[in-house]
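# Chain and residue survey
Listed below are the residues making up each chain.
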Amino acid sequence: MNKIYLAAPFFSDHQNARIKEVLELLKANKTVDSDGIFVPMEHQHDDLEFGSFKWQVATFASDMRQVRRADAVVAILDYRLEETKENEPDSGTVFEIGAAFEHGTPVIVVQYNEDQEINLMVAQSYTALFSGKDDIQKLKDYDFNDLEQKVRR
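From a predicted model like this one, the values you see are computed outputs, not experimental measurements.

## A short note on the layout of surface pockets
When its volume is computed, the largest pocket comes out at roughly 390 Å³. Lining the largest pocket are 18 residues, and of these Phe10, Thr59, Asp63, Gly92 and Glu96 sit closest to its centre. Those elements that place two or more of their residues in the lining of the largest pocket are α2 (53-69) and α4 (91-103). With six residues, the single largest contributor to the lining of the largest pocket is α2.

If you want it as structure tokens, here you go:
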């Protein structure tokens, strides 16, 4: 069973709804350890003052440790989809994609707005892309043991 790091912005209700949907699809996937999905927004070091230097250090260390422990990183690109209708990814999510790629951890990209282009660096670093509402539903059946390459044509 595979451990997953779910990289995504979580600053709005729309972003959190996308995280919830992807999380449920991953939990339904028989090749994913449903208890082994790390969702950063669930690990915010509430014992520390939000945004403080100590909080930043703890959050960064925890997130990077979990990226390295994951068997795959699933990254939701759509950051300001509702405000700008574009999928420019959150900078933290992009950093996590880069860290995963550099560590040799497969990256699975999720993009709700299927019409938007994906940045070259992100496009060249992912193993599989799930783009658009219907395609994203296929996450529940994706074989994280095999990690079949799935790219935009």
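## Examining the nonpolar core
Within the largest apolar cluster, 23 residues are counted, with the highest numbers of intra-cluster contacts made by Leu6, Val22, Val74, Leu139 and Phe144. Of all the secondary structure elements, the ones that give two or more residues to this core are β1 (2-7), α1 (13-28), β2 (32-38), β3 (72-76), β4 (107-111) and β5 (128-131). Broken down by element, the residue count for this core peaks at five residues, all from α1. Excluding anything up to four places from it in sequence, Val74 contacts Ile4, Tyr5, Leu6, Ala7, Val22, Leu26, Ile108, Val110 and Phe144.

## Some thoughts on the pairing of β1
The element β1 is largely enclosed, with a buried count of five among its six residues. In the sheet, β1 pairs with β2 via three bridges, with the strands oriented parallel. The residue of β2 that forms the bridge with Ile4 is Ile37. Here β1 runs beside β3; their pairing, made up of four bridges, is parallel. Its bridge partner being in β3, Ala7 is matched across the sheet by Ala75.

## Observations concerning the pattern of salt bridges
Applying the stated rule across the entire model yields three salt bridges. The partner of Asp33 in a salt bridge is Lys3, and the shortest N-O contact between them spans 3.4 Å. Of this pair, Asp33 sits in strand β2 while Lys3 sits in strand β1, and the two are 30 residues apart along the sequence.

## Remarks on the packing of α2 against α4
For the pair α2 and α4, the least separation of the axes is 9 Å and the interaxial angle reads 45°. When the interaxial angle is binned, α2 and α4 end up oblique. When you trace α2 past α4, the crossing you get is right-handed. In contact with Phe60, Asp63, Met64, Val67 and Arg68 of α2, α4 contributes Phe95, Glu96, Ala99, Ala100 and His103. Looking at the contact of α2 with α4 residue by residue, the classes come out as six nonpolar, one polar and three charged.

## Thoughts on the packing of aromatic side chains
Scanning the model with the defined rule gives five aromatic pairs in all. Taking 4.6 Å as the distance between ring centres and 55° as the angle between the ring planes, the aromatic pair formed by Phe50 and Trp55 counts as tilted. With a centroid separation of 5.0 Å and 85° between ring planes, the pair formed by Tyr142 and Phe144 is classed as edge-to-face. Aromatic ring contacts, followed pair by pair, group Phe130, Tyr142 and Phe144 into a single cluster.

## Quick look at α4
For the α-helix, the turn length of 3.6 residues means that residues three or four positions removed from each other point alike. Look at α4: 18 Å from first C-alpha to last across 13 residues, which is about the 18 Å you get at 1.5 Å a residue. Among all positions in α4, only Thr93, Glu96, Ile97 and Ala100 are buried. One side of α4 holds all its buried residues, which, seen down the axis, span an arc of 105°. Opposite the buried face of α4, at more than 90 degrees from it, the exposed residues are Ser91 and Glu102. Those residues of α4 that are buried are in contact with β1, α2, β3, β4 and α5 (120-123). Of the residues one or two after α4, Gly104 is the one with positive phi, at around 85°.

Reading the values: the criteria
- Residues numbered from 1 in each chain as written.
- Predicted model: local features only at pLDDT ≥ 70, side-chain atom pairs only at ≥ 80, totals over all residues.
- Heavy atoms only, no water.
- 1 Å grid on protein atoms, 1.4 Å probe; cavity = no way out; pocket = protein on both sides within 12 Å on 5 of 7 lines; lining within 4 Å.
- Points joined across faces, edges and corners; volume = space filled by probe spheres on them.
- Helix = DSSP H or I, 4+ residues; strand = E, 2+ residues; numbered from the N terminus.
- Core = buried A, V, L, I, M, F, W, Y, C linked by side-chain atoms within 4.5 Å.
- Buried < 20%, exposed > 50% of the residue type's maximum accessible area, 1.4 Å probe, protein only.
- Contact = heavy atoms within 4.5 Å.
- Pairing = 2+ DSSP bridges.
- Salt bridge = Lys/Arg side-chain N within 4 Å of Asp/Glu carboxyl O.
- Axes fitted to C-alpha atoms, helices over the stretch in contact; angles between N-to-C directions.
- Parallel < 35°, antiparallel > 145°, perpendicular 65-115°, else oblique.
- Left-handed = near helix turned anticlockwise from the far one by under 90°.
- Nonpolar A, V, L, I, M, F, W, Y, C, P; charged D, E, K, R; others polar.
- Phe/Tyr/Trp six-rings, centres within 6.5 Å; stacked < 30°, edge-to-face > 60°.
- Expected span 1.5 Å × (residues − 1).
- Arc of directions from axis to C-beta.

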